[in-house]
Structure formats: structure tokens, C-alpha cells
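An overview of the molecular structure
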Amino acid sequence: MKQQLRPLFWIEALLALGNGVLLIMTVVWKDWIEVVFKIDPDAGSGAVEWAVLTIALLLTVAFLALARAEWRRASSSPALPTA
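Summarised in this report is the structure supplied together with it. (Residues numbered from 1 in each chain as written. Predicted model: local features only at pLDDT ≥ 70, side-chain atom pairs only at ≥ 80, totals over all residues. Heavy atoms only, no water.)

1. What to know about the pattern of salt bridges
Inspection of the entire model under this criterion finds two salt bridges. Salt-bridge contacts for Arg73 lead to Glu70; the nearest nitrogen and oxygen are separated by 3.6 Å. With Arg73 and Glu70 both in helix α3 (residues 47-76) and three residues apart, this pair spans about one turn of that helix. Linked by salt bridges that have partners in common, Arg6, Glu70 and Arg73 make up one network. (Salt bridge = Lys/Arg side-chain N within 4 Å of Asp/Glu carboxyl O. Helix = DSSP H or I, 4+ residues; strand = E, 2+ residues; numbered from the N terminus.)

2. Describing the environment of Ala62
Mapped onto the secondary structure, Ala62 falls in helix α3. Between the C-alpha atom of Ala62 and that of Leu15, which follows or precedes it by 47 residues, the distance is 9.8 Å.

3. A few points about α3
Here α3 contains 30 residues, and its C-alpha end-to-end distance of 43 Å stays within 8% of the 44 Å for a straight helix at 1.5 Å per residue. Looking at α3, one finds that the buried residues are Glu49, Val52, Leu53, Ala56, Thr60, Phe63, Ala67, Glu70 and Ala74. In this structure, the buried side of α3 is in contact with α1 (7-28) and α2 (32-37). (Expected span 1.5 Å × (residues − 1). Buried < 20%, exposed > 50% of the residue type's maximum accessible area, 1.4 Å probe, protein only. Contact = heavy atoms within 4.5 Å.)

In short, geometric facts, not functional conclusions.
This is the structure in C-alpha cells:
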């Protein structure tokens, strides 16, 4: 029987989702940084977008791994008996 998931799982899952959205947005919409912030930090080279893409990918994988560990912890913990 699965124990109730701790709030940490939900935080990690939401962070993974947010970074995943940022990752997809950067892949699909290459110049979103320039449009949203009205600046061109890399003078059109795309270096900032690649950095955002790399960081978002790494964070998404890390948060997914942490959420998975929480999920497995809840699955493997023995359920407490109810009175």
C-alpha cells in the first residue's frame, strides 16, 4: 500500500514541470528572451538561449530524479496501521 506523498514530492514535480515548460518554450520560440525582456543579451548569437536550454534540461532531469526518489520512498515504506 502506498503511503501519502510528502509535500516535497509535489514541490519537486512542479519544479520539474516548470523547467520542462521553459525547456520546450526555448526550443519552440528561439527569441522569447528578447521579446519578453526587450533586451538582446547575446547580440543575436543565440548563446543565452543555449545556456537557458542546457540549464533547464539539467534542472528538469534533476527535479524528476528527486521526485522519483520521493515516489519510490512512499511506495517502499510500510503503511502505518490505522486504528
